[in-house]
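Okay, here's what each chain looks like letter by letter:
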Amino acid sequence: MRRLLLLALGLLLLHHSCCFEFVINGDWEDEEPGVNRHQRQKRAALTSEEDQPFEAVRGDDITVNSYLVESRITSRFAHTSVRSSVLNSGSRAQSIGFNVQIPKRAFISNFTMNVNGITFVGSVKEKALARRLYAQASSRNKAAGIVRTNAQDLETFTTEVHVPPGSSVSFELHYQEMMERRLGMYQHNLFLQPGRPVPHFQVDVYLYEPKEISKLETPNTLGERFANLIQVSATKDKAHIVFKPNLQQQRKCENCSGSAIDGIFSVQYDVTRDSNAGELQVSDLYFVHFFAPSNLSPLPKNIVFVIDVSGSMWGVKMKQTVEAMKAILDDLKMEDRFSIIDFNHNVRCWSEELLPASPLQVADAKRYVQNIKPTGGTNINEALIRAAQMLVRANSQGFVDPRSVSMIILVSDGDPTVGEIKLSKIQKNVKRVMTEELSLFSLGIGFDVDYDFLERIAMENRGVAQRIYANHDAAEQIRAFYSQVSSPLLKKVTVHFPEGAVTDVTQNHFDKFFGGSELVVAGKVQLSDSNTLTSFTSASAASLQLSLETETDITELDLELAKQQHSFTGFARQMWAYLTIKQLIRERSLVTTVGKKRKITKQITELALQHSFVTPLTALLVESEDATERLLADSARDPRQGCCSGVQTLSGPPSVSVVYATPPPWIQVPITTPSSQVLSGPVDTILPATVNLVDGDPHFIIRLPGSNMDVCFNIDSEPGHILSLVSDMGTGVVVNGQLISSKQPHKNRRSSYFGIVSVYHQPAGVSVKVATDRISMADGGGGGDHSFTWGATADVVQDSVRISIVKNSHVTVTIDNSIRVTVLLHRVWRKHPVNVDFLGLYIPSDNQYSPLVHGLIGQFSREPEVSVYDVHEGPDPLKKEATMKVKGHTLRVTRGWQKDFRQDRKRGSNVSCWFVHNSGKGFIDGRYDDYIMPDLISFLPTV
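The rules we used
- Residues numbered from 1 in each chain as written.
- Predicted model: local features only at pLDDT ≥ 70, side-chain atom pairs only at ≥ 80, totals over all residues.
- Heavy atoms only, no water.
- Helix = DSSP H or I, 4+ residues; strand = E, 2+ residues; numbered from the N terminus.
- Buried < 20%, exposed > 50% of the residue type's maximum accessible area, 1.4 Å probe, protein only.
- Contact = heavy atoms within 4.5 Å.
- Areas by Shrake-Rupley, 256 points an atom, 1.4 Å probe, with all protein chains shown as cover.
- Axes fitted to C-alpha atoms, helices over the stretch in contact; angles between N-to-C directions.
- Parallel < 35°, antiparallel > 145°, perpendicular 65-115°, else oblique.
- Left-handed = near helix turned anticlockwise from the far one by under 90°.
- Nonpolar A, V, L, I, M, F, W, Y, C, P; charged D, E, K, R; others polar.
- Core = buried A, V, L, I, M, F, W, Y, C linked by side-chain atoms within 4.5 Å.
- Expected span 1.5 Å × (residues − 1).
- Pairing = 2+ DSSP bridges.

Draft legend 1. Representation of the overall build of the protein chain within the structure. Each helix and strand in the protein chain was counted, giving 14 helices and 54 strands. Relative to its 943 residues, the protein chain shows a buried fraction of 57%. Pairs at least 24 residues apart make up 70% of the contacts formed inside the protein chain by residues separated by at least 6 positions. Counting only carbon and sulfur atoms, one obtains 49% of the accessible surface of the protein chain, whose full area is about 39,100 Å².

Laid out in structure tokens, this is it:
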């Protein structure tokens, strides 16, 4: 059912970015189990953001008064807040953005914002309730919002507000995370990228560990110039780390305006452990058991490396993988047994049997890896089955040490393309051949790989997955991961408690424990006559069975926490919820029945609401103190794609407006209602730098990125003719323009311009006609016709079509969030003897058309091969001439200038281009009169 969504006058958030952008992982209750291949192929474009520039505070001519980061870490659990106060010190209104990168494992717990005295406070809501609030807010013209998702190690919280000169905004973001022990250290990372020097810049990290701090390091990750600016004060169980550079110390150079602070501020530490029995802590009747024994002999390993050598691994990926594998092979010990399987469309084995890691065998394996040449497809299914069968066979034949640990390490960069390609079937096949003694670890290189699949298949088979970023240090990333699993110390670890002593215990059975890591179990303490809680741990070591016991007083820690000024007193409660939610999310990804999935969904949601965690199943509502203004952050429909729902979303998520029934005092936008049904509202109409345009008489400018040139041509058609600009039967989109003429000839020539531009979306039955006096919309599905003047800013959504009008300036028509058309209005003096009002058309080059697209502009979505040579002087000394070869034609072209009016609508900006004469003959397909249409919504006839 078509529905016209009307948004009231509001506060515009520029660019395509969302007002609140939480990057979270998860899926929806009603989501189909599995993603089709076409969707998976788009994953790279949606989630590969590693190299994009990032600033903590963005905006031109803004003053950042303060940027304060504070972390309170208590017993390995961190509560971090990021606060910033900024001022629009420029002479014009602009967008001010607040961006914070946080670890992927963290949960956002709150966000507040104060805009010129109006405070917005956040609260976590259940997803369905958030949707209802969204609908209510929209119907009352209050708010709108969306959340984008992706799957990187870092997540970016982003909000932007558009404010006039002199306006101030303050932001405050809170998130929580558990410190994970890796290679014998906990590491707390804060991502500092303010983008510019800040008068009040300070980082404070308060650390409290009841069992004492054994190591504390602040590695110099920001550069040598800051080495002496990190101040550390510590006692046996507490530490305070301060980083507070002044303005001059922050500058890149003495007179630079940019900040030299750009990177990770890191605090690393470890704690004292009394014994291998672990550390048991109780606070507020929640317990946490930390288990990290040391001084144990490593277990022997049986390991099969399964390496993707398909064609997509060619180049840096393969080079880095080979480099990492050679270092890993050197790290194997004599008691370890191993083999290597490499696969593309075929599967090969370095050895059909596990071999001891002797110097001779290791050297031969390194030569084998060095000679790998990537080619062909990807047969993951057969490769993993062969690896599992090799380990099972070695165990059944008694070739491996019964105390040893058996594992598969998979390195791949793509989805399966050969053999069994259905992911769910591969998952079942692998699970069937993997015995309980085997573990599978998955390394996904780059963003082409279906990382969700690798993660599920690893978790289901007692392993973990990790994404490897395909860059210059990919080899180091692979080696670092291997080092975390290269030293197994224990098998079959179980932590248990006396009957009736505890409830709601998190995962307490672990298949393996690796040296340098830590196992964590949490739960609730049941009240009893005893003031102590006891835990028992059992495990298998290299040559013995372990049974360990430890106890603690259930009131002692709370008394100590009360004395600590900067401790996080609710750490145990939050850590239990954190671990439980993470565990339930993993379980939810593996269940196969709707009933079980719904049950787990309910558990996750209830816990997230109780403990204020933004998870894949909850949203953050941010509203003013009197609840009259409301912003709603909700998630995208298909998180596994990394962005918004559907398959045509590469242009970015929709913009978000903060909308008010009555504008706050800092909003200076006139209130008009062009239609009784429409309330005016601010609109995002920013176009990318690369566009194809037609403006003026009419002058076409076609951008050819592959040839790095602009090509221009004019169309000398008759007034009244309708020209096909974009005609795409695949997406059902038509853009046509009707010509008008000047009032009378000038210098014996009558000029022609576009007087009407029509955009038609056939699937929705919606047509938009933009004329010089008004904008009209017709709904062929019975929704009626609507007309809007140029005299007011407005935003109208009809099904998949959005019309964004900026008063007396331009209108943008957006279809399915993937195709945009912007029409500029050129006004002239009404009594001018020659000139008339006319329209300019600007279409982004990255619109997502189908292969069937054509038209005077649409045809160039398939860029032709163009070469220009024999550049020489022409009759006009200011206009060089040359020869152009294109589409089998040899053309004489002239160097000239045309106008782009997006930035300066009065004078325009010069665009240098090669001009094709005779109405583009030879450059366009056919002749220009082939593009004359019978009406404004006609498709170009197909040949």
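Don't stop here, the text continues.
Draft legend 2. Representation of the packing of helix H8 (residues 423-433) against helix H9 (residues 451-459) in the model. Viewed as axis vectors pointing N to C, H8 and H9 meet at an angle of 20°, and their least axial separation amounts to 10 Å. With respect to their mutual orientation, H8 and H9 come out roughly parallel. Crossing angle aside, the handedness with which H8 passes H9 is right-handed. Judged by residue contacts, Leu 423, Ile 426, Gln 427 and Val 430 of H8 engage Phe 453, Arg 456 and Ile 457 from H9. Of the residues contributing to the contact of H8 with H9, the split by class is five nonpolar, one polar and one charged.

Draft legend 3. Structural view of the nonpolar core. Grouped together as the largest cluster of nonpolar side chains are 62 residues, with contacts concentrated most on Phe 700, Val 735, Val 768, Leu 841, Met 884 and Phe 923. Val 86, Phe 111, Leu 222 and Val 267 belong to the second-largest nonpolar core, a separate cluster that totals 51 residues.

Draft legend 4. Spatial organisation of helix H5 (residues 316-331). With 16 residues, H5 ought to run about 22 Å at 1.5 Å a step, and its terminal C-alpha atoms sit 23 Å apart, in line with that. Every buried residue of H5 is listed here: Lys 317, Met 318, Gln 320, Thr 321, Val 322, Ala 324, Met 325, Ile 328 and Leu 329. Elements that come into contact with the buried residues of H5 comprise strand S20 (301-308), strand S21 (337-343), helix H6 (359-370), strand S24 (405-412), strand S25 (438-445) and helix H10 (474-485).

Draft legend 5. Looking closely at the sheet that holds strand S18 (residues 279-283). Reading across the sheet, the four strands line up as S18-S19-S30-S28 and stay open at both edges, with antiparallel pairing between neighbours. Edge positions in the open sheet fall to S18 and strand S28 (502-503), since each of these has one partner strand only. Pairing between strand S19 (residues 286-291) and strand S30 (residues 519-525): six bridges, direction antiparallel. Residue pairing in the sheet places Val 288 in a bridge with Ala 522 of S30. Together, S18, S19 and S30 form the strand contacts of helix H12 (residues 571-590), whose direction differs from that of S19 by roughly 70°.

Draft legend 6. View of the side chain of Ser 71. For Ser 71, the position within the fold is in strand S4 (residues 62-74). If near-sequence neighbours (up to four positions away) are discounted, Ser 71 is found in contact with His 79, Thr 80, His 188, Leu 190, Asp 204, Val 205 and Tyr 206.

Draft legend 7. Structural view of the pairing of strand S16 (residues 238-243). The pairing of strand S13 (residues 200-208) with S16 spans six bridges and is antiparallel. Each residue of the ladder has a partner; that of Tyr 206, found in S16, is His 240. Here strand S15 (residues 230-234) pairs with S16 via five bridges, running antiparallel. Counterpart to Ile 230 in the pairing with S16 is Phe 243. Connecting S15 to the antiparallel partner S16 that follows it, the hairpin turn spans three residues.

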